[in-house]
Amino acid sequence: MALVSTTGATIKDVEPCVALRTGAQYLDSIAKDRQIFIHGQKISRCRDDAELAKSTRLRADIYDLLSHPEQIGVTGRYDVALGAVVSRLHSAPVSKQCWHDKLSILDMMFQKLAYLPCRVGDETIPAVWSMMDGLEIIAEKNAGFAANVVRHYHHILTHDPYHVSGNADPKTDRSAAAQASGKSNLLRSVGETSEGIVVRGAKYETGADIQHHFLRDLVTPRNPQSHFGFVNFLKMKNRLFDFLNLGIPYALRRDYADYVQWVAGHFEERVRYGQSVRDIVIGRDPRDPSIPLVEIHTEAGDILRARSLVLGTGRTPRVPDAFQPHMGKRIVHFTRYLETVRGWGDDAGINSVAVVGGSQSAVEIILDLSRRMPDVEIHNIQRGFGFRLKDTSPFTEHAYFPDFVDYFYKLGERQQQELTQDLWRSNYSAADHDVISQLYTQLYEQRLAGRSRISLHPHSQTKRVHRCATGGQVKIELENPLLGTRSDVVVDAVILATGFRNFGDGADQELFPHLLKNIAPLARVRESGALWISRDYRIVARDETAPSLPPIVLNGLCETTHGFGDAGSFSLLAFRSWAIAESLCACISQQRPMGGCNAGAARHQVSVP
C-alpha cells in the first residue's frame, strides 16, 4: 500500500491502522439507542422510515467506497499525528492540491455510485475546518473550546464524519436570532450531540402541545370576530391551511407561544418589560386625599402611581421544605427549567438529574432532558405509585365552562375545598396520555437496549437533602411510607416539578402573594385567613364603608375562590379578562381624575418576574 503523509512524503511498505469506517459499521452505529424524530414523529429505527432509509443507505455506500481497499490510495491519507489512515475527503484543506483531491474523490463517488446524492454530508465539517485555521486565536480566548475543536476534528477523521450535526435554513437570515427570523420553519436550530442523528422536525423545547382547545385563546370564546384570535394569527402568518392540514387535536406549544408574542406586540408601547417590582403600597391622590391610589415601587427606584392595579404574577412556586435551603443553580423549581437547562449545556459536571413530582410538567421535563442530554442519568421521585392519566372526561371539562365559575363561587369555603379535591386530577398530579405513552415506550426501549438512563422512584417521600462536601452533588434521603424502608439518591442537579401554592391556610398554601404584604392588612379575609375576593376578582376592603383600597384585581390567582378555570389556564381567560375590564371601567368612572400624579403609569403594565 502506497500512501501519502501530511508532509507529502510517500510511505511504502506500510500497513497502518485504517480509521475509515465501513458501511456496515455505520449502519450498526445508527441502530443503537438513539432518539430520532422526523416531522415531530418518533421512529424506532432508521430503516423503518422510507425517506431516512434512502439517506442512510447512501451514506453507507459512501463509507464502503471511501474505505474500499482498491480506493484507499486515493481516498485515504496517513496522518502522522493520529498514526492512522483517515479520510482525505473530510480532512481540513491545507493547500490548493487538497481541494483538487477532494473534487477528484467526489467525481469518483458520482461515477461509482451511479446516482447523484443531494446534500449528503455535513456542512458542519467545513465549519470545523475554519475553526482549525483559527485555532491559535481561539486558544487565546478559550483554551477549553480550542481543545474541543481539535477533539471533534480528530473524531471526524477517525470515527464518524457525521457525529457533529448542525443545520440552518438557507432561506433565513443567519445573523438573526431564530425567533426574529419571521419564518415558520419546523427546525430553527439544533445543538451538538456526542452521538446521534439530528433530523428536521425537532420543534420547540419539549415538542409538547397545549392542553386546551386552540379556539380557547385570548379572545375567541368571547368575541370570535376579534383581530386577536388564534385563527386570525395563523391567517396573518400565512400558515392557516398548514395548521389545519396537521390534523392534530391540540396546537403545538411553540405555535401558541408565537401567538401570544404576536398579540403582545400590538401593545408594546403600553408595557414596561424587564421591570422588577419591589413593593406595592397604598398612597393618596394629592388633590383629594380621600381617594386611594396604588403606588408601585420598582427595583430601579421608580414609583408608578395608578388608580387601579391588576396583579397577574402567577402563583408562588411550591418548594418542599427539605429543598428550601439549597435552592440555586443546580436545584431549581421547574418555572426556571428552560433558562437553567440551557446553562447546563456548558457544565461538564451535570451527569445525573432528579426530577421531583408526578405531574404533566415532570413527564415533559424527563422527556426533554433525555433528548437534550442523552448521556445524563435521570431519576424521577414522586409520592404516588406512578404517573396517572388526567381526568379528561367531557363531563369533568364542564369545570372550565363560564357558568361553573358562578356555581363554584357561591359555595362555602369548605364545599369549595371538597369540590376542588373531587376535580383535582383534571389539572394536577396527572399527565396527558401522549406524554405518558412516550415515556413508557422510552423506558421499554431502554430495557431492550440494556441501558437504563431513566429510573423511577415511586412511593418516595423526601426526608432530608444534603449538599455533598465534594463535587457539589446533592444527596436526597427518601422514605417509602408503605414499606418503611429508606434509600438515598445522589445526583448533580434537581428539578422540582412540585406545582404552586394556592390561597389558604394549608401546609402547601399561602394566605396572599408576597407582593401584597402591605395590602393584606387592609383587606377582608375568609375563614381560613386567605383574602376575600369578589366575583369580579377584586380584593375586598376590610372596611367597605370607607374607600381604603383602590380597585386591586387578581388575574389568574383565584383558583381557590373561582375554580380551576382561574388556574393560569387559557380556558376561561377571555371571559375573565372581559369581566375584569368591565369592573375596572365601572370603578374608575366613579373616581375623580388624579392630579399631580404620574397619570401615564395608570395606562402601563409592569412585567413582574
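Structure shown above.
Residues numbered from 1 in each chain as written. Predicted model: local features only at pLDDT ≥ 70, side-chain atom pairs only at ≥ 80, totals over all residues. Heavy atoms only, no water.

K.L.:
Is there a simple way to think about the sheet that holds strand 16 (residues 377-381) in this case?
P.N.:
Sheet strands pair via backbone hydrogen bonds, and the direction of the pair is either parallel or antiparallel. The five strands lie next to each other as 14-21-15-16-17, forming an open sheet whose pairing is parallel. Looking at the sheet topology across the chains shown, the edges are occupied by strand 14 (331-333) and strand 17 (454-457). When the angles between neighbouring strand axes are averaged without regard to direction, this sheet yields 20°. Here four bridges tie strand 16 to strand 17, and the two strands are oriented parallel to one another. Bridge assignment links I378 to a residue of strand 17, and that residue is I454. (Pairing = 2+ DSSP bridges. Helix = DSSP H or I, 4+ residues; strand = E, 2+ residues; numbered from the N terminus. Axes fitted to C-alpha atoms, helices over the stretch in contact; angles between N-to-C directions.)

K.L.:
For this particular structure, what's the right way to read helix 11 (residues 337-344)?
P.N.:
Along an α-helix, residues three or four positions apart point the same way, because every turn accommodates 3.6 residues. Of the residues making up helix 11, those classed as buried are Y337, T340, V341 and W344. Buried residues along helix 11 cover an arc of 95° about the axis, so they all sit on one side. On its buried face, helix 11 sits against strand 14, strand 15 (352-356), helix 12 (360-372) and strand 21 (493-496). (Buried < 20%, exposed > 50% of the residue type's maximum accessible area, 1.4 Å probe, protein only. Arc of directions from axis to C-beta. Contact = heavy atoms within 4.5 Å.)

K.L.:
I tried to follow the pairing of strand 20 (residues 485-491) on my own but got confused; where do I start?
P.N.:
Within a regular beta strand, the side chains point alternately toward one face of the sheet and then the other, so they alternate between its two faces. Of the pairings in the sheet, the one linking strand 19 (residues 474-480) to strand 20 comprises seven bridges and is antiparallel in character. Within strand 20, the position partnered with L478 by the bridge is S487.

K.L.:
Can you help me understand the sheet that holds strand 11 (residues 303-306) in this one?
P.N.:
Within the open sheet, the three strands sit side by side as 9-10-11. Their pairing is antiparallel. A strand with exactly one partner marks an edge of an open sheet, and here the two such strands are strand 9 (277-285) and strand 11. Taking the axes of each pair of neighbouring strands and ignoring which way they run, one obtains an average angle of 25° across the sheet. The pairing of strand 10 (residues 288-298) with strand 11 spans four bridges and is antiparallel. Directly across from V294, in strand 11, lies its bridge partner A306.

K.L.:
When you look at the side chain of D279 in this model, what are you seeing that I'm missing?
P.N.:
By the secondary structure assignment, D279 is in strand 9. A relative accessible area of 16% places D279 in the buried class. Separated by 2.9 Å, the side chains of D279 and K517 make a polar contact. Among the polar contacts listed, one links the side chain of D279 to the side chain of N518, at a separation of 2.8 Å. (Polar contact = N/O pair within 3.5 Å; in protein donor to acceptor, adjacent residues only side chain to side chain.)

K.L.:
I keep staring at the nonpolar core and nothing clicks. Help me out?
P.N.:
Taken as a class, soluble globular proteins show a tendency for nonpolar side chains to be buried jointly. Residues I280, I539 and L554 are the most contacted members of the largest nonpolar core, which totals 29 residues. Contributing elements (two or more residues each) for this core: strand 9, strand 10, strand 12 (309-311), strand 23 (552-554) and helix 17 (573-589). With three residues, the top contributor of residues to this core is strand 23. Among all residues touching I539, those that are not within four sequence positions of it are L516, I519, A523, L531, W532, I533, L549, I552 and L554. Counting 27 residues, the second largest nonpolar core, distinct from the first, contains I366, I378, V435 and L443. (Core = buried A, V, L, I, M, F, W, Y, C linked by side-chain atoms within 4.5 Å.)

K.L.:
Is there a simple way to explain the side chain of R315 in this structure?
P.N.:
Structurally, the position occupied by R315 is in the loop between strand 12 and strand 13 (316-317). Within the structure, the side chain of R315 is placed 3.0 Å from the side chain of Y428, a separation counted as a polar contact. Only 3.3 Å separates the side chain of R315 from the side chain of E559, close enough to count as a polar contact. In contact with R315, other than residues within four places in its own chain, are Y428, F500, R501, N502, L557, E559 and A567.

K.L.:
When you look at the packing of aromatic side chains in this model, what are you seeing that I'm missing?
P.N.:
The geometry of an aromatic ring pair is captured by the separation of the ring centres together with the interplanar angle, meaning the angle of the planes. Counted by the stated rule, this structure contains 17 aromatic pairs. On the numbers, 6.2 Å between centres and 45° between planes, the contact of F404 with Y407 is tilted. Placement of the pair is F404 and Y407 together in helix 13 (residues 402-410), with a separation of three residues, close to one helical turn. One Lys or Arg, R524, reaches over the ring of W532 and ends 3.6 Å from the middle of that ring. (Phe/Tyr/Trp six-rings, centres within 6.5 Å; stacked < 30°, edge-to-face > 60°. Lys NZ or Arg CZ within 6 Å of the ring centre and 35° of its normal.)

K.L.:
Which parts of the structure should I look at to understand the pairing of strand 7 (residues 84-87)?
P.N.:
Relative to strand 7, strand 6 (residues 76-79) is paired through four bridges, and the arrangement is antiparallel. Residue pairing in the sheet places D79 in a bridge with A84 of strand 7. Here strand 6 folds back onto strand 7 in antiparallel fashion, the turn holding four residues, of which G83 has a positive phi close to 65°.

K.L.:
What's the story with the environment of K463 in this structure? I'm lost.
P.N.:
With respect to the helices, strands and loops of the structure, K463 is situated in strand 18 (residues 461-467). A C-alpha to C-alpha distance of 9.4 Å links K463 and D321, two positions 142 residues apart in sequence. Excluding residues within four positions of it along the chain, K463 makes contact with A322, E477, L478, E479 and R486.

K.L.:
Mind showing me how you'd approach unusual backbone geometry here?
P.N.:
Glycine aside, the phi torsion of most residues is negative, and most peptide linkages are trans. Notably, N238 is not glycine yet its phi reads approximately 60°, a positive angle. By secondary structure assignment, the location of N238 is in the loop between helix 8 (230-236) and helix 9 (240-246). Positioned with a positive phi, H459 is a non-glycine residue whose angle comes to about 50°. Note on placement: H459 falls in the loop between strand 17 and strand 18.

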